[in-house]
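Take a look at the letters that make up each chain.
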Amino acid sequence: ETLESNGSSSMAAVCSGSMALMDAGVPITEHVGAISIGLIMDEDEDSGEVKRYALMDDIMGLEDVLGDMDFKIAGTRSGVTGIQLDCKPEGIPLDILIEAMERASEARQRVIDVMERAVSSPKKELKDSAPRFGRASIPPSLIGKLIGPQGSNIKALEKDTGAKVSIINDDGELAVFGQNKASYDAAIAHIEALAGSIVEVGSTHVTTVKEVLAFGAILISPGGDEGLMHVSEFAHERTENASDVYKVGDQVEVKCVAKDARGSVKWSRKALLPKPAAARPPGREKPRFAVAKKNNDE
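Residues numbered from 1 in each chain as written. Predicted model: local features only at pLDDT ≥ 70, side-chain atom pairs only at ≥ 80, totals over all residues. Heavy atoms only, no water.

**Concerning the nonpolar core**
Phase 1: In terms of nonpolar packing, the biggest core is built from 16 residues, with Ala136, Ile138, Leu146, Val165, Leu174, Val176 and Ile191 touching the most fellow members.
Phase 2: Residue assignment for this core shows that the elements contributing at least two residues are helix H4 (143-147), helix H5 (152-161), strand S7 (173-178) and helix H6 (181-195).
Phase 3: A total of five residues in this core trace back to one element, the largest contributor, which is H6.
Phase 4: Once residues lying within four places of it in the same chain are set aside, the contact partners of Ala136 are Gly172, Glu173, Leu174, Val176, Ile188 and Ile191. (Core = buried A, V, L, I, M, F, W, Y, C linked by side-chain atoms within 4.5 Å. Buried < 20%, exposed > 50% of the residue type's maximum accessible area, 1.4 Å probe, protein only. Helix = DSSP H or I, 4+ residues; strand = E, 2+ residues; numbered from the N terminus. Contact = heavy atoms within 4.5 Å.)

**Topic: the sheet that holds strand S6 (residues 164-167)**
Phase 1: On the basis of which strands lie adjacent, the open sheet formed by three strands has the order S5-S7-S6 and antiparallel pairing. Lying at the two open borders of the sheet, with one neighbouring strand each, are strand S5 (132-137) and S6. The average angle at which neighbouring strand axes cross in this sheet is 20°, direction not considered.
Phase 2: As paired strands, S5 and S7 are joined by six bridges and run antiparallel to one another. (Pairing = 2+ DSSP bridges. Axes fitted to C-alpha atoms, helices over the stretch in contact; angles between N-to-C directions.)

**Notes on the side chain of Arg108**
Phase 1: Tracing the backbone shows Arg108 in helix H3 (residues 94-118).
Phase 2: The buried charged residue Arg108 lacks any salt bridge, with Glu30 as its nearest oppositely charged partner at 8.7 Å.
Phase 3: Within the structure, the side chain of Arg108 is placed 3.1 Å from the backbone oxygen of Thr76, a separation counted as a polar contact.
Phase 4: Contact partners of Arg108, with chain neighbours within four places excluded, come to Gly33, Ala34, Ile73, Ala74, Gly75, Thr76, Gly79 and Val80. (Lys, Arg positive; Asp, Glu negative; His and termini not counted. Salt bridge = Lys/Arg side-chain N within 4 Å of Asp/Glu carboxyl O. Polar contact = N/O pair within 3.5 Å; in protein donor to acceptor, adjacent residues only side chain to side chain.)

**Some remarks on the side chain of His205**
Phase 1: As for its position among the elements, His205 is in strand S8 (residues 204-213).
Phase 2: Side chain to side chain, His205 and Ser203 meet in a polar contact 2.7 Å long.

**Focus: the pairing of strand S3 (residues 69-75)**
Phase 1: The buried fraction of S3 amounts to seven of the seven residues, a majority that puts the element mostly inside the structure.
Phase 2: Here S3 shows two buried faces, one formed by Met69, Phe71, Ile73 and Gly75 and the other by Asp70, Lys72 and Ala74.
Phase 3: Two strands pair when backbone bridges link them, and S3 and strand S4 (residues 80-87) are joined in this way by seven bridges, in the antiparallel orientation. Along S4, the bridge assignment pairs Phe71 with Leu85.

**A short note on the layout of surface pockets**
A probe matching the size of a water molecule, rolled over the atoms, marks out where space remains unfilled.
Phase 1: The calculated volume of the largest pocket comes to roughly 230 Å³.
Phase 2: Lining the largest pocket, in full, are Lys145, Leu146, Asn153, Ala156, Leu157, Asp160, Thr161, His190, Ala193, Leu194, Pro222 and Gly223.
Phase 3: Here the lining of the largest pocket takes five residues from H5, the largest share from any one element. (1 Å grid on protein atoms, 1.4 Å probe; cavity = no way out; pocket = protein on both sides within 12 Å on 5 of 7 lines; lining within 4 Å. Points joined across faces, edges and corners; volume = space filled by probe spheres on them.)

By themselves, these are just geometric observations and shouldn't be taken as functional.
Listed below in structure tokens is the structure:
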């Protein structure tokens, strides 16, 4: 936890960030270490020539305030990835800056040595709390349903899951960014449900009861297709009252058994249930007559 702001604390944030990424399973190729180099110069007041100077590795707050330079340098073992230079004099001689870079390179190697002793490579699996990014796709015909009127559907999706969903092109390719595993998985599950929501005769869907009527129930699919499930399609057995079986909001797995040109759907729960064995009339549990098999040798 960093409780102050100076060269050491800011460079420590770079180092801890690199280790946190590896610990979370983010596949970075190598560690980024960082060090700050300070400077105190004694200049000739007339000529401005530097009479003497001292470089300091990993400067603290007092050295930062009273010194002439705060040179922050971050990088890997093989090169520099970022620098920030704060200086109080009008200029710093190039040879001093070069020496500061060389000292920072040596110090950075030692810092990375310590970092690698703690965590040397990314974990194979991302932590559940780590952000996720991936791709998904839906049929182009469903892009409108994903977006919704004035973007209402996609806004609701992002609000409910905490993920961000972007439409890459008209072919239905999507980019999904989740704050964590739960956020990403929820967004992908919604997209997959939408992709599988195209209702065709013979397809199976988990629908929601929108309205219960005297003669059946109105069901709506995840893709927004509505249709009637007549009370005769509830089960193989006779159902007297639809309200005794379903209520508004119930989830029901059904099969599309018919769809007309206008898109009206006929749902059936019965089509997914095994047919009951045919019952024999009372007193007819056994056949009345036994039929002898013909002997081929006769």
